[in-house]
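Each chain is listed here by its residues.
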2 protein chains.
Amino acid sequence: MSQAQLMDGTALARRIVEDTAKRAADLKDRTGAAPCLATVLVGEDPASVTYVRMKQNRCRKAGIESRHVALPAATTTAELVGTLRALSEDPTVHGILLQHPVGPHIDERAAFEAIDPRKDVDGVTLSSYSAMSFGLPGFVSCTPGGIMRLLDEYDVDPAGRRAVVVGRSAILGKPVGMLLLGRDATVTYCHSRTKDLSSLVREADIVVAAVGRPRLIRGEDVKPGAVVIDAGYNPGNVGDVDFDTAVTRAGLITPVPGGVGPMTIAVLLEQTVAAAERRPGV
Amino acid sequence: MSQAQLMDGTALARRIVEDTAKRAADLKDRTGAAPCLATVLVGEDPASVTYVRMKQNRCRKAGIESRHVALPAATTTAELVGTLRALSEDPTVHGILLQHPVGPHIDERAAFEAIDPRKDVDGVTLSSYSAMSFGLPGFVSCTPGGIMRLLDEYDVDPAGRRAVVVGRSAILGKPVGMLLLGRDATVTYCHSRTKDLSSLVREADIVVAAVGRPRLIRGEDVKPGAVVIDAGYNPGNVGDVDFDTAVTRAGLITPVPGGVGPMTIAVLLEQTVAAAERRPGV
């Protein structure tokens, strides 16, 4: 039985981060200041604490300063908006990351919109979404951006191909569909209300699973030779794709872990340095 | 041979405009000022002149004041942006319509973005697009909004149905797909690079043709009983759908003219009154 080629996100992410680190060092040489990413965390959810710490560690290794703002779980929307606006106006901060999900008592959209689009290196603002939708300058959402980089790395041209995006979240499903559409794929958005997901997946040249349901995409539904991108995160290092069966039919497939995951942080770091490079006076 | 039921946009638009006229009159009674739509036209393209005049006439009949700004063809992007910003700040103007396309020497996106989203009654700004994409408060693009109203009028619930949108323009194809996705349809975007459009149309419960190619959608490809929305405008009152053959297979179909067209202006007028109702101090 044939085996798909693995799309090695770990290796590609490492190369992107190496390049990013050089740019960060160069910027510090030229301006005296390293790029700075502000991370904002509301509450102490253990998974979120871990994610933020991981991002800070990666920043440090790449020569990017990180400034952490820890807010209590009881923080109001107005307080969070105030914090994000202050960071948006702080000239020593170049990128802003609000770790999400925030608590249910907070208006997450209002919080995201308090981030200056020029510092929106996580690609969560409506401005960034619009830019992705219409091919305008701006930052991309990190996971969608990472997925597009993986496709490019493995010479997958989406033009004229059927792409099926499973999931329609604001920072993953919707924007990755728009990026694929911008590259001339024929894009179908599937979701929890979709009937007969299997038959849609069977027609797809490119499948992006981004829904957070373990092994939702069955290998038997993967079109032989298709490109399978698993952006799902589920407990136990399980993706949204049933990898063991999909790998026997796909042409290219991302492993979990080591596929999309490392790309997300690589894009975050790269965009932070880009934001610092573009700031006034540089 | 069975015949599809016609979706009568003329009749529905008339009812919407009647209701809008009542709201406009009520607003004038309460505040002393009628709602006001500013129309901006660059150059003297005969089709554009006709469209603007038609919109002005419809405004007058609905009790909406219109203020026309005619700019010479040689107007620069900066000048147009200046005009639109001034209208955005003018408290006596409630809605702004920039007739488009503007000339190729103008940055249309920059012009659209000079319109205050609170006055974007034509639904052309990135802010309005984002609102449509995420179900946030805001104005809709008029043709997509009119299409959704037609679907509601004929009790078409998009949830769980396959919708195929042919076309991906910024103010028609992309937003109507997002509105359908927001109503839980499984949405596929097709366009000039799509291979085998016929087979995709054959699977569609709802087809929205929005590309401007005469009779691109062949009746033989329409799934029996499907809902066929023709948002195409081509010379000689020809839509993007081959009506004569499609009508024998569809369950519901919009005629051209008299389908989507009248809805577009009705939504424009309705949103203008809504903008006036929401202005500060009312």
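Every value quoted in this text rests on a predicted model; they were computed, and no experiment measured them.

K.L.:
Can you explain the UniProt feature "domain: Tetrahydrofolate dehydrogenase/cyclohydrolase catalytic" (unreviewed entry) in chain A? Please cite residues and give values.
P.N.:
Per the UniProt annotation, the sites labelled "domain: Tetrahydrofolate dehydrogenase/cyclohydrolase catalytic" (unreviewed entry) are residues 7-122 of chain A. In this annotation, residues 7-122 of chain A is assigned 50% helix and 16% strand; the end-to-end C-alpha distance for the span is 23 Å.

K.L.:
So what's going on with the domain arrangement of chain A? Residues and values would help.
P.N.:
Split into domains, chain A comes out as domain 1 (32-118) and domain 2 (141-261). The straight-line distance from the C-alpha centre of domain 1 of chain A to that of domain 2 of chain A is 28 Å.

K.L.:
Describe the pairing of strand E6 (residues 186-190) of chain A, listing the residues and the values that go with them.
P.N.:
Of all five residues making up E6(A), five are buried, and the element is well covered by its neighbours. Burial along E6(A) is two-sided: Thr186(A), Thr188(A) and Cys190(A) and Val187(A) and Tyr189(A), pointing in opposite directions, are all buried. In this sheet, E6(A) lies alongside strand E5 (residues 162-166) of chain A in parallel orientation, the contact comprising five bridges. The residue bridging Val165(A) from the neighbouring strand is Tyr189(A), located in E6(A). Looking at chain direction, E6(A) and strand E6 (residues 186-190) of chain B are connected through three bridges and run antiparallel.

K.L.:
Can you break down the sheet that holds strand E2 (residues 36-42) of chain B residue by residue, with the values?
P.N.:
All names here are of chain B. The sheet built from three strands is open, its strands ordered E3-E2-E4 with parallel pairing. Sheet topology places strand E3 (65-71) and strand E4 (95-98) at the edges, where each strand pairs with a single neighbour. If you compare each strand with its neighbour and ignore which way they point, the axes differ by 20° on average. In this structure, E2 lies alongside E4, joined through four bridges in parallel fashion. When the bridges of E4 are listed, Ala 38 appears paired with Ile 96. Taken strand by strand, helix H2 (residues 46-61) contacts E2, E3 and E4, and its axis lies near 170° from that of E2.

K.L.:
Which residues make up the interface of chain A and chain B, and what are the values?
P.N.:
Listed per partner, the contact involves 28 residues of chain A and 28 residues of chain B. Remark: the boundary between chain A and chain B carries four salt bridges. Linking Asp184(B) and Arg193(A) is a salt bridge whose minimum nitrogen-to-oxygen distance equals 3.2 Å. Scanning the region where chain A abuts chain B turns up 20 residue pairs in polar contact (both at pLDDT 80 or more). When contributions to the side of chain A that touches chain B are tallied by element, the ones reaching two or more residues are helix H5 (126-134), helix H7 (173-182) and E6 of chain A. Partitioning the side of chain A that touches chain B into residue classes produces 13 nonpolar, seven polar and eight charged.

K.L.:
Can you lay out the relation of the copies chain A and chain B for me, pointing to particular residues and giving the numbers?
P.N.:
In this structure, two copies of a chain are linked by a rotation about an axis accompanied by a shift along it. Superposing chain A onto chain B takes a rotation of 180° combined with a translation of 0.0 Å along the rotation axis, leaving an RMSD of 0.0 Å. As the rotation angle and translation indicate, the two copies are arranged about a two-fold axis. Rotation axis and chain A: the residue whose C-alpha lies nearest the axis is Thr188(A), separated from it by 2.0 Å.

K.L.:
Talk me through the packing of aromatic side chains; I want residue IDs and the actual numbers.
P.N.:
Tallied over the full model, the rule gives four aromatic pairs over all chains. Between Tyr129(A) and Phe134(B), the ring centres sit 4.6 Å apart and the planes meet at 55°, which makes this aromatic pair tilted. Here the residue Tyr129(A) occupies a position in helix H5, and Phe134(B) occupies one in helix H5 (residues 126-134), the pair thus bridging two chains. As far as burial versus exposure is concerned, Tyr129(A) and Phe134(B) are alike and both buried.

K.L.:
Help me get a handle on the sheet that holds strand E2 (residues 36-42) of chain A, residues and values and all.
P.N.:
Residues and elements named next belong to chain A. Read from one edge to the other, the open sheet built from three strands follows the order E3-E2-E4, with strand pairing classed as parallel. Strands at the two margins of the open sheet, each flanked by one partner only, are strand E3 (65-71) and strand E4 (95-98). Recorded for the sheet is a direction-independent mean angle of 20° between the axes of neighbouring strands. The pairing of E2 with E3 spans seven bridges and is classified as parallel. Bridged to Val 40 within E3 is Val 69. Lying over the sheet, helix H2 (residues 46-61) contacts E2, E3 and E4, oriented at roughly 170° with respect to E2.

Criteria and cut-off values
Residues numbered from 1 in each chain as written. Chains lettered and ligands numbered in written order. Predicted model: local features only at pLDDT ≥ 70, side-chain atom pairs only at ≥ 80, totals over all residues. Heavy atoms only, no water. UniProt positions renumbered as here; feature names shortened; annotations may be inferred. Helix = DSSP H or I, 4+ residues; strand = E, 2+ residues; numbered from the N terminus. Domains from an automatic or database assignment. Buried < 20%, exposed > 50% of the residue type's maximum accessible area, 1.4 Å probe, protein only. Pairing = 2+ DSSP bridges. Axes fitted to C-alpha atoms, helices over the stretch in contact; angles between N-to-C directions. Contact = heavy atoms within 4.5 Å. Salt bridge = Lys/Arg side-chain N within 4 Å of Asp/Glu carboxyl O. Polar contact = N/O pair within 3.5 Å; in protein donor to acceptor, adjacent residues only side chain to side chain. Nonpolar A, V, L, I, M, F, W, Y, C, P; charged D, E, K, R; others polar. Least-squares fit on C-alpha atoms with pLDDT ≥ 70 in both. Phe/Tyr/Trp six-rings, centres within 6.5 Å; stacked < 30°, edge-to-face > 60°.

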